[in-house]
Amino acid sequence: MAYKTILVHLDQKERAASRIRIAANLAKAEDAYLIGAAMIGISTLTFREARISEKDPALAAHLKFLAERAEGFVEGFVQEVNAMGVLSYEGRVVDGEANYGISMQARYSDLVVIGRTNLNEEAPIVQPDFPEFVVIHTGRPVLLIPPGYEKDTVGSKVLISWNASKEVRRAVTDAIPLLRRADVVEVAMFNVDSEPDMRDEASVTDLAVYLARHGVNVHILQPRQARNIGTALLEIAKERGSDLLVLGGYGHTRFRQFLLGGVTRTILSESPLPVLMSH
């Protein structure tokens, strides 16, 4: 089990620099092919379907600007990963906006690395729901890097939020390449008496054995009671010095594009450390 194709989303250098370096270091460690994808930001099919001519001078100038901006993101990516010694990589300029563009590119990737939305950003390139959309729609593990994160590696001390649900079971399996290299992997549990999938007392013991068979150094923390699990999880991560969270991405498509559970919303909006999610 390994990551052999890693996809990283490209945008402004000040947002993407750490994300690119983290993806590049993972590609080197996994001997993986690294793809950097920059979205133009709008699909040209939109204009064709609306019968709007792309030759309109104002529209043509704007599309040219968007394409050149994406090309600049790719050029910066190529320079960075080449300097870091990544052996196999490519940069892509992709027609379309980020939500669907990255989700489509992720179909043939083992890991997707994106930034977490900064809601205070004045001129964001991605929509506010970008991280949630990618987590729910790609069917791939997604590594989310928070705004302003400065480290170039992740996963030396990992914290798993475990409730034995199918979402977190998948996330743990998807994270095994990272977990194997971690110095220690700790497992946090909350409100176990009320978790339907935790009624089997062997659940966490079986998890520990499963991970140990993969060469993971795992430690089970004492279960805790918490009203706000997302906040409690971030507090434990701070206490334990964790540098990566692993949890399931809970949500379903109804009414809006998606509705996320409270834990997922809290982590996506507040986590100061990288998060690996699967859905």
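Please read these numbers as outputs of a predicted model, since none were measured by experiment.

## Points about the confidence of the model for the protein
Next, step 1: Averaged over all residues, the pLDDT of the protein equals 86, while 85% of them reach at least 70.
Next, step 2: In the model of the protein, strand β11 (residues 259–260) stands out as the element of lowest mean pLDDT, 46, in contrast to strand β1 (residues 5–10), which has the highest, 98.
Next, step 3: In this model, residues 252–259 is a region of pLDDT below 50 whose contacts with residues beyond four sequence positions or in other chains number 15 contacts.

## What about the nonpolar core?
What tends to happen in soluble globular proteins is that the nonpolar side chains get buried as a cluster.
Next, step 1: Ranked by internal contacts, the top residues of the largest apolar core, which has 49 residues, are Ile 6, Leu 34, Leu 143, Ile 160, Trp 162 and Leu 179.
Next, step 2: For this core, the element with the most residues is helix α1 (residues 13–30), which contributes seven residues.
Next, step 3: For Ile 6, the residues in contact, after removing those within four places along its chain, are Ala 23, Leu 26, Ala 27, Ala 32, Tyr 33, Leu 34, Ile 35, Leu 111 and Val 113.
Next, step 4: Grouped together as the second largest cluster of nonpolar side chains are 35 residues, Ala 37, Ala 188, Leu 234 and Leu 268 included.

## Some words on helix α5 (residues 130–138)
Next, step 1: Taken across its nine residues, α5 has eight buried, putting it largely inside the fold.
Next, step 2: Those residues of α5 that sit buried are Phe 130, Pro 131, Glu 132, Phe 133, Val 134, Val 135, Ile 136 and Thr 138.
Next, step 3: Gly 139 occupies a position one or two residues after α5 and carries a positive phi of about 70°.

## As for the side chain of Ser 165
Next, step 1: Inspection of the secondary structure assignment puts Ser 165 in the loop between β6 (157–161) and α6 (166–174).
Next, step 2: Within the local environment of Ser 165, its side chain forms a polar contact with the side chain of Asn 163, the two groups lying 2.8 Å apart.

## Description of the pairing of strand β7 (residues 184–188)
Next, step 1: Taken across its five residues, β7 has five buried, putting it largely inside the fold.
Next, step 2: Burial along β7 is two-sided: Val 184, Glu 186 and Ala 188 facing one way and Val 185 and Val 187 facing the other are all buried.
Next, step 3: Judged from the five bridges that link them, β6 and β7 form a sheet pairing that is parallel. Bridging from a neighbouring strand, Leu 159 pairs with Glu 186 of β7.

About the criteria used
- Residues numbered from 1 in each chain as written.
- Predicted model: local features only at pLDDT ≥ 70, side-chain atom pairs only at ≥ 80, totals over all residues.
- Heavy atoms only, no water.
- pLDDT = per-residue confidence, 0-100.
- Helix = DSSP H or I, 4+ residues; strand = E, 2+ residues; numbered from the N terminus.
- Contact = heavy atoms within 4.5 Å.
- Core = buried A, V, L, I, M, F, W, Y, C linked by side-chain atoms within 4.5 Å.
- Buried < 20%, exposed > 50% of the residue type's maximum accessible area, 1.4 Å probe, protein only.
- Polar contact = N/O pair within 3.5 Å; in protein donor to acceptor, adjacent residues only side chain to side chain.
- Pairing = 2+ DSSP bridges.

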